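# Close look at the chain arrangement
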Amino acid sequence: MLVLGIESSCDETGAAVVRDGRYLLSNVVASQIDIHNRYGGVVPEVASRQQLATIIPVVETAMEQASCSWEHIDAVAATYGPGLAGSLLVGLTVGKTLALARNLPFLGINHLEAHIYANWLRQGEAPHLTETDRDWSYQEGDPIFPLICLVISGAHSELVLVRGHGQYELLGRTRDDAAGEAFDKVARILGLAYPGGPSIQKAAQQAEAELLDQKKPLTLARNAYRLPRAWLRGTYDFSFSGLKTAMLHLAEGATEHQQASRASEGKQVSQYTRMGAQAAQKGTPNVSVLASSFQEAIVDVLAVKTRLATQEYHVKQVMLAGGVAANVSLRTRLEQELLPLRIRLSYPPIEFCTDNAAMIAGVAFFHLRLGTHHSFDLDVQPGLSLPFKK
Ligand code: KG4
Ligand code: ZN
């Protein structure tokens, strides 16, 4: 089954053709990063206008690259939430119109569920299987249920128990900022480029590479600043706003002489402002060390809480999903946490972690097989969450 998927929930415009929820025929993404970088974040009005300008060429390119004609397409799918209303409206309207014009089934897709299903995508040719030996629900290499999925994107951080296709139970979620949001806000504080995740990762890698060269332990950067971790014991919830505030105070202390002198006079300043000021006086504060300590604090909480959940729910597989799943430190650390427990960790290739349309076409296949249908009056739902059973 061939599905044309369309993604336009935020600042990426994507179209892709995917076979059987797994095999890519094409995957085209037009990013607006360079435009939003000027503002240090996504400007919704600019994003939706840009979606409008790029969506048709992106769909045309995806069809061309897949070398297929409309006669080969079995269904059209587009994201209907969560995301920015104006941006969502562009992809959803184009998707519905194409389905209507070509008399094809249409499916609205939950963007978060699509991130989860990016774990089913694989690079390379589809195997030649006959209709009879093709099981839609499981093929060799697929994730194995029940599993735990850590969904971490720009606006969401959720720990989810997935019992089967489309069966989600919420174990925990962020009480304030999402992990990606924390990366983006702290990057701004540190004067690093948008999106913050890749910039912070790169800065941290610089500090860590220097230590490796000098044969010194990485903890010298990762634990250079003892940053707060909200463990919220007894729950699988997260909270990253305290960490963000601590970073703000550290950066203030490290950059402003005034703060340094206030700190030395013992005036009321946060312990993090004081730490930043002291480090500044010693001439050591350095954006890459700050980035490394911040990344370590986030990775620590995400990895430990995910490992605890896998132990409680006795699953054999853990998956990462969403833009923050691209983070190399998180992948490595979680692998280390899970290795002694013999629990398999999977994550999509980096290009399928951040927003793309292949994951939209991918999850659509499973929903079509499960019998999900949508009519053309489906509207955008900017605040949509995963369809939790519990
Ligand atoms: O899933 P996504 O592309 O868009 C949303 O659905 O929100 O996620 C974007 C988020 C941004 O906050 C970005 O900073 C973060 O993912 N991100 C990363 C990395 N790459 C992207 N965070 C940490 N490390 C990365 N390498
Ligand atoms: Zn996303």
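Residues numbered from 1 in each chain as written. Chains lettered and ligands numbered in written order. Predicted model: local features only at pLDDT ≥ 70, side-chain atom pairs only at ≥ 80, totals over all residues. Heavy atoms only, no water.

## Section: the packing of aromatic side chains
Considering all chains together, one arrives at 9 aromatic pairs under this definition. Members of the aromatic cluster, each reached through a chain of ring pairs, are Tyr117, Trp120, Trp136, Phe145, Phe365 and Phe366. (Phe/Tyr/Trp six-rings, centres within 6.5 Å; stacked < 30°, edge-to-face > 60°.)

## Some details on empty space enclosed by the protein
Counted under the stated rule, the structure contains 1 cavity of 30 Å³ or more. By volume, the largest cavity is sized at about 30 Å³. As for the largest cavity, its lining consists of Pro228, Arg229, Ala230, Ser239, Phe240, Leu243, Ala297 and Val301. Considering only residue class, the lining of the largest cavity consists of 6 nonpolar, 1 polar and 1 charged. (1 Å grid on protein atoms, 1.4 Å probe; cavity = no way out; pocket = protein on both sides within 12 Å on 5 of 7 lines; lining within 4 Å. Points joined across faces, edges and corners; volume = space filled by probe spheres on them. Nonpolar A, V, L, I, M, F, W, Y, C, P; charged D, E, K, R; others polar.)

## Some details on the site of ligand 1
Inspection of the region around ligand 1 gives 20 residues, with His115, Gly154, Asp184, Gly197 and Gly323 positioned closest. A distance of 3.0 Å is found between an oxygen atom of ligand 1 and a backbone nitrogen or oxygen belonging to Gly323. At 3.0 Å from a nitrogen atom of ligand 1 is found a side-chain nitrogen or oxygen belonging to Asn327. Burial of ligand 1 by the protein chains amounts to 89% of its free accessible area of 550 Å². The set of elements that each furnish at least two residues to the shell around ligand 1 consists of helix H4 (111-117), helix H5 (179-189) and helix H6 (196-213). At 4 residues, the largest contribution of residues to the shell around ligand 1 is made by H6. (Near = heavy atom within 4 Å. Polar contact = N/O pair within 3.5 Å; in protein donor to acceptor, adjacent residues only side chain to side chain. Areas by Shrake-Rupley, 256 points an atom, 1.4 Å probe, with all protein chains shown as cover. Helix = DSSP H or I, 4+ residues; strand = E, 2+ residues; numbered from the N terminus.)

## Quick look at the coordination of the zinc ion (ligand 2)
Summarising the metal site, the zinc ion (ligand 2) is bound by the protein donors His111 (NE2), His115 (NE2) and Asp355 (OD), whose distances to it range over 2.0 to 2.1 Å. On the primary sequence, the residues serving as donors to the zinc ion (ligand 2) are separated as H-x3-H-x239-D. Residue His111 is located in helix H4, and its partner Asp355 is located in the loop between helix H13 (350-353) and helix H14 (358-370); the two are separated by 244 residues in the primary sequence. (Donors = N, O, S within 2.8 Å, 3.2 Å for Na, K, Ca; no water.)

## Description of the pairing of strand E8 (residues 167-173)
The sheet contact formed by strand E7 (residues 157-164) and E8 spans 6 bridges and is antiparallel. In the sheet register, Val160 faces E8, and the bridge partner there is Leu170. (Pairing = 2+ DSSP bridges.)

## Overview of the sheet that holds E7
Through backbone hydrogen bonds, the strands of a sheet pair up, either in parallel or in antiparallel fashion. The 5 strands lie next to each other as E8-E7-E6-E9-E10, forming an open sheet whose pairing is mixed. A single partner strand is all that each edge strand has here, and the edge strands are E8 and strand E10 (344-346). Along the sheet, successive strands turn relative to each other by an average axial angle of 25°, direction set aside. Judged from the 6 bridges that link them, strand E6 (residues 147-152) and E7 form a sheet pairing that is antiparallel. Of the residues in E7, the one forming a bridge with Ile148 is Leu161. Here helix H11 (residues 287-313) sits on the sheet and contacts E6, E7, E8 and strand E9 (317-321); the angle it forms with E6, its principal contact strand, is near 155°. (Axes fitted to C-alpha atoms, helices over the stretch in contact; angles between N-to-C directions. Contact = heavy atoms within 4.5 Å.)

## Brief notes about the side chain of Asn327
Residue position: Asn327 is located in the loop between E9 and helix H12 (328-338). Overall, the relative accessible area of 5% leaves Asn327 in the buried class. Among the polar contacts made by the side chain of Asn327, one reaches the side chain of Gln295 at a distance of 3.0 Å. Leave out the neighbours within four places in its chain, and Asn327 touches Phe183, Gln201, Gln295 and Val299. (Buried < 20%, exposed > 50% of the residue type's maximum accessible area, 1.4 Å probe, protein only.)

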